[in-house]
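# Examining the three-dimensional arrangement
Take a look at the letters that make up each chain.
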Amino acid sequence: MAKGFTNVNNVRQSDIHKIDLTLDDMKALIGQVGNTGGTSTTGTIMAKLNKLLTDWTITRAGKIDTIHTNASNLNTRLTSTRAGYLDKLTNLGAANDTGGTSTTGTAMAKMNKLLTDFTTTRAGYLDKLANLGATGDTGGSATAGTVMAKLNKLLTDWTGTRAGYINTINTNAARLTSTRAGYIDKLANLGATGDTGGSATAGTIMAKLNKLLTDYTSTRAGYLDKLGKGYFIKSLQWGYVSLEPSDSITRDLEIAPVNAGTSLLYADPTLETDYKTSCLYEWKVRLYDTKITQWGDLTPVDSLYNYYFLGFRYVIIEFSKG
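What this report covers is the structure whose coordinates are included nearby. The shown structure was predicted, so the numbers you read here are calculated from the model rather than taken from an experiment.

Let's shift gears to the overall build of the protein chain. Tallying secondary structure elements over the protein chain gives eleven helices and nine strands in all. Expressed as a percentage of its 322 residues, the buried residues of the protein chain come to 13%. Contacts in the protein chain between residues at least 24 apart in sequence constitute 48% of all its contacts with a sequence separation of at least 6. By element, 60% of the accessible surface of the protein chain is carried by carbon and sulfur atoms, the whole surface being about 24800 Å².

Structure, rendered in structure tokens:
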């Protein structure tokens, strides 16, 4: 740089020398027109400006224009509603927020609550969703296969014929009346294998059978064996005959064939009375091989019939020699 002399009051020659040095430093800092290598930490001013001019393409300039345009529209686009949305970002909370529930807490607090509750056990439950399987899975059984495989097995086995069985069950269900349901309830009277306390008036069927088995000793079995050496019961039948008016002096009741000579007839009158005379009829019965014959009693003169037959119950025991 050219140096000269200037008459400046109160300025020493040494001060002028320092100014010359400062100007040289400034010249070096500004650099030359073609300087390169400018960065944020190195290079002359010219090198840095050249770097900026190199990087400042038309495309990037267009982006600045777009930013300018959008900034101009910002006031229009950022409505009070949208500004409210931005305010809600405070609901995100901090990383260690707690107290999250379905109704309170920041988003971080809620997520921390979920992470705390989502134990490995519960994660295992989600893993079991793999057991659902795929639509076409096969090989389902009572002990193997995915849910889909089991469903597909059921659908394969569920034929139209078997579906018809269900319809039949539904139709027949009407037969199970409350009365018949009561019969089923009586199955409880069967009891359990070890029931005790059976008698002629109390106890389950099992209790009664156990009582009989207990009483049926070998000694008593011997008594039954001895019965085989004499007479034993060959057949047993019983029934009931109702009161009946008739013009015939006898009436016959057909029975299952027996040997009347080795049979016993037990007849028990029902003590029915005539609705007109209120008198008890005399009666007589006799057993034959295929029938019971009953003799009637004369009726009062004002009756429409000549005879009345008293009703009775009967038991016939036929014996046979062993």
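This brings us to the sheet that holds strand E1 (residues 231–241). The strand order E1-E9-E4 describes an open sheet built from three strands, whose pairing is antiparallel. With partners counted over all chains shown, the strands left at the sheet margins are E1 and strand E4 (263–269), one partner each. Across this sheet, the average inter-strand angle for adjacent strands is 15 degrees, counted without regard to direction. Pairing analysis gives seven bridges linking E4 to strand E9 (residues 312–321), with the strands arranged antiparallel. Within E9, the position partnered with Leu-265 by the bridge is Ile-316.

This brings us to the sheet that holds strand E6 (residues 291–295). Whether parallel or antiparallel, the strands of a sheet pair through hydrogen bonds between backbone atoms. Here we have three strands laid out as an open sheet, ordered E3-E6-E5, and antiparallel in their pairing. For this open sheet the edge positions go to strand E3 (250–254) and strand E5 (284–287), each flanked by a neighbour on one side alone. Within this sheet the neighbouring strands show an average axis-to-axis angle of 20 degrees, counted without direction. Both E5 and E6 contribute to a ladder of four bridges, which runs antiparallel. Within E6, the residue paired with Leu-287 across the bridge is Ile-292.

Conventions used here
Residues numbered from 1 in each chain as written. Predicted model: local features only at pLDDT ≥ 70, side-chain atom pairs only at ≥ 80, totals over all residues. Heavy atoms only, no water. Helix = DSSP H or I, 4+ residues; strand = E, 2+ residues; numbered from the N terminus. Buried < 20%, exposed > 50% of the residue type's maximum accessible area, 1.4 Å probe, protein only. Contact = heavy atoms within 4.5 Å. Areas by Shrake-Rupley, 256 points an atom, 1.4 Å probe, with all protein chains shown as cover. Pairing = 2+ DSSP bridges. Axes fitted to C-alpha atoms, helices over the stretch in contact; angles between N-to-C directions.

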